[in-house]
Amino acid sequence: MKFIDGVTFADMVKMGAHHLHQNADYVDSLNVFPVPDGDTGTNMNLSMTSGAKETAANVSEHIGKTAQALSKGLLMGARGNSGVILSQLFRGFGKAVESEDKLTSVKFAESLEFGVQTAYKAVMKPVEGTILTVAKDAANKGVEVAKTTDDLIVVMEAIVEESKASLKRTPDLLPVLKEVGVVDSGGQGLVYVYEGFLACLKGEALPERIVVDSMDELVNAEHHRGVQGFMNTEDIEFGYCTEFMVKFEEEKTVNKPFVETDFRQDLSQFGDSLLVISDDEIAKVHIHTEQPGDAMNYAQQYGSLINIKIENMRQQHIDIVGADLSAKNETVAHPYALVTVAMGSGIAQLLKSIGASAVIEGGQTMNPSTEDIVKAIKDVQAERVIILPNNKNIIMAAKQAAEVCGIEAAVVETKSVPEGLAAILAFNPEATVQDNEKSMTVAASGVKTGQVTHSIRDTSIDGIDIKKDDFMGLAGNKIIISEPSLESVMKTLLASLIDEDDEIVTIIYGEGVSEDEATAMATYVESTYSHTEVELYNGKQPLYPYILSVE
């Protein structure tokens, strides 16, 4: 094959997106930290799917035009750091080929290389041993081989082979990968995309995973039926659309064999619109429930949880109704808006109570896309906006949203809910966007964040032995303790965070923690650290029993 035109490239994109989609759960499982938020595969899958849809809707024989469609779709669909980097790779590729009708092997490889340069520039502090390294090594090999042959299939074969070799080398470049015993998850996702490209050029089929696709179709059908019955938001009995997959583990199923009919019957107590599909390795669950944590805790009897997604259907319904009303009524733009991100209806309510204009449902397990953030900005109808991502994996998507939203915008790079709360309290509606960005950033930096979650696998990090299902205490991003006792982990975490100069300790408790248990913990803090004032809130967040703010 001597040339690639726009139609062929669109087919490559479709195959690459499909292959990534089929293996997204495996990419998720490569998350370094054993916390229930290994969402690299999910983010890359949703990002690439958005790109593929835009490409399919705008196919042209002119490869420059087709590549621009891919770039646009990826940009607006980008979720998480991995999705944003993927979008930057093909944004650069699109710029390099925008005037081309078709590509030779040399131009194709050089354009991939230009995409790598674009992605590196988009990351403030590029880290080797990640998707960036895999993309760079693969592109360099492609350029090298293209100098010796004009056969695009041969060049693509070299790119795939080198991307796999580079992926295997990532643990040598990033010590934490070697310590945990995995390769880089983003790099693995890119390998799947490139494998799809190659299979398309060679006319080969790739293996399928039926369970994911069939479940998606059933979920869509279930949502179509379910929405017909809701006339008012208050009619929604079970407010959270919850999806997750259970990766079976032999040590659990040997004592409690998985039987799909029994599993489905037991889960039905937690809500409605229940769907379960399983094969020998995985069960995928969709349920509408009021307590997502209860359903997930039950499912853990059979294995580990992956691909978790929770959506607030009441908020979705309000958004839809609000959109309908806004189309009928004239609206007045507000001078300022604060758009932020959080999981848990209690946390969302807390953020709004201190000044947030809009809270996007998302966070650890479901990073909002660039488009999601842009939509939220447009919905608040403000002249200026400040975005607070509250998660390090959402910062890049937030920055892309700020660039394309069409109004004056800035991102305060908050990495946790406590940082977001502190930043909002420092907001001054009379100040400029630039001055607010500075003052809110300073306020966020003065807060210490602690979080407790549970481990999803056995591992060892920074000399700490971590057992599956243990509670883990994180001070900032560092795991400092892992034990079976939630109370013990909390006390150790508090001791590591609170100094004699600290004055306020905020405890946000989530699903799985009762009001009495949370109150007892607050009492412990008051008696042990008498120089501090304790504030207690029910955040209703899943997966993280406690979130702490110390300042």
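What you are looking at is a predicted structure, and each value in this text was computed from that prediction instead of being measured. (Residues numbered from 1 in each chain as written. Predicted model: local features only at pLDDT ≥ 70, side-chain atom pairs only at ≥ 80, totals over all residues. Heavy atoms only, no water.)

Caption draft 1: Structural view of the sheet that holds strand 8 (residues 358-361). The four strands are arranged 8-7-9-10 in an open sheet whose pairing can be described as parallel. Looking at strand neighbours, the two that pair on one side only are strand 8 and strand 10 (408-411), the edges of this open sheet. Recorded for the sheet is a direction-independent mean angle of 20° between the axes of neighbouring strands. Of the pairings in the sheet, the one linking strand 7 (residues 337-342) to strand 9 (residues 384-388) comprises four bridges and is parallel in character. Bridging from a neighbouring strand, Ala337 pairs with Val385 of strand 9. On top of the sheet, helix 20 (residues 433-445) reaches strand 7, strand 9 and strand 10; it is set at about 10° to strand 10, its chief contact. (Pairing = 2+ DSSP bridges. Helix = DSSP H or I, 4+ residues; strand = E, 2+ residues; numbered from the N terminus. Axes fitted to C-alpha atoms, helices over the stretch in contact; angles between N-to-C directions. Contact = heavy atoms within 4.5 Å.)

Caption draft 2: Representation of helix 7 (residues 131-146). With 16 residues, helix 7 should reach 22 Å at 1.5 Å per residue; the first-to-last C-alpha distance of 22 Å fits that figure. Counting buried positions over the 16 residues of helix 7 gives 12, a clear majority of the element. Along helix 7, the positions that sit buried rather than exposed are Ile131, Leu132, Thr133, Val134, Ala135, Asp137, Ala138, Ala139, Gly142, Val143, Val145 and Ala146. As for helix 7, its buried residues are in contact with helix 3 (40-57), helix 5 (80-97), helix 6 (105-122), helix 8 (152-173) and helix 10 (185-202). (Expected span 1.5 Å × (residues − 1). Buried < 20%, exposed > 50% of the residue type's maximum accessible area, 1.4 Å probe, protein only.)

Caption draft 3: Spotlight on the side chain of Ser185. Residue position: Ser185 is located in helix 10. By relative accessible area, Ser185 is classed as buried at 9%. Polar side-chain contacts of Ser185 include one of 3.2 Å to the side chain of Thr40. (Polar contact = N/O pair within 3.5 Å; in protein donor to acceptor, adjacent residues only side chain to side chain.)

Caption draft 4: Representation of the pattern of salt bridges within the structure. Under the defined criterion, the tally for this structure stands at 22 salt bridges. Asp172 is the salt-bridge partner of Lys178, the closest N and O atoms lying 2.9 Å from each other. In terms of burial, Lys178 and Asp172 fall into one category: exposed. Residues Lys375 and Asp379 are paired through a salt bridge, measuring 2.8 Å at the closest nitrogen-oxygen approach. Taken together, the residues span about one helical turn, with Lys375 and Asp379 both in helix 17 (residues 370-380) at a distance of four residues. (Salt bridge = Lys/Arg side-chain N within 4 Å of Asp/Glu carboxyl O.)

Caption draft 5: Just the sheet that holds strand 14 (residues 471-475), in detail. Overall, mixed pairing links the six strands, which are arranged 15-14-11-18-16-17 in an open sheet. The sheet is open, and its two edges are formed by strand 15 (478-483) and strand 17 (533-538), each paired on a single side. The sheet shows a mean angle of 15° between the axes of neighbouring strands, direction not considered. Across five bridges, the pairing between strand 14 and strand 15 is antiparallel. Across the sheet, the residue bridging to Gly473 is Ile481, located in strand 15.

Caption draft 6: Quick peek at unusual backbone geometry. Positive phi is not limited to glycine here, since Asn390 has a value of about 60°. Mapped onto the elements, Asn390 comes out in the loop between strand 9 and helix 18 (395-404). Backbone geometry places Asp462, a non-glycine residue, at a positive phi of 50°. Structurally, the position occupied by Asp462 is in the loop between strand 12 (459-461) and strand 13 (464-466).

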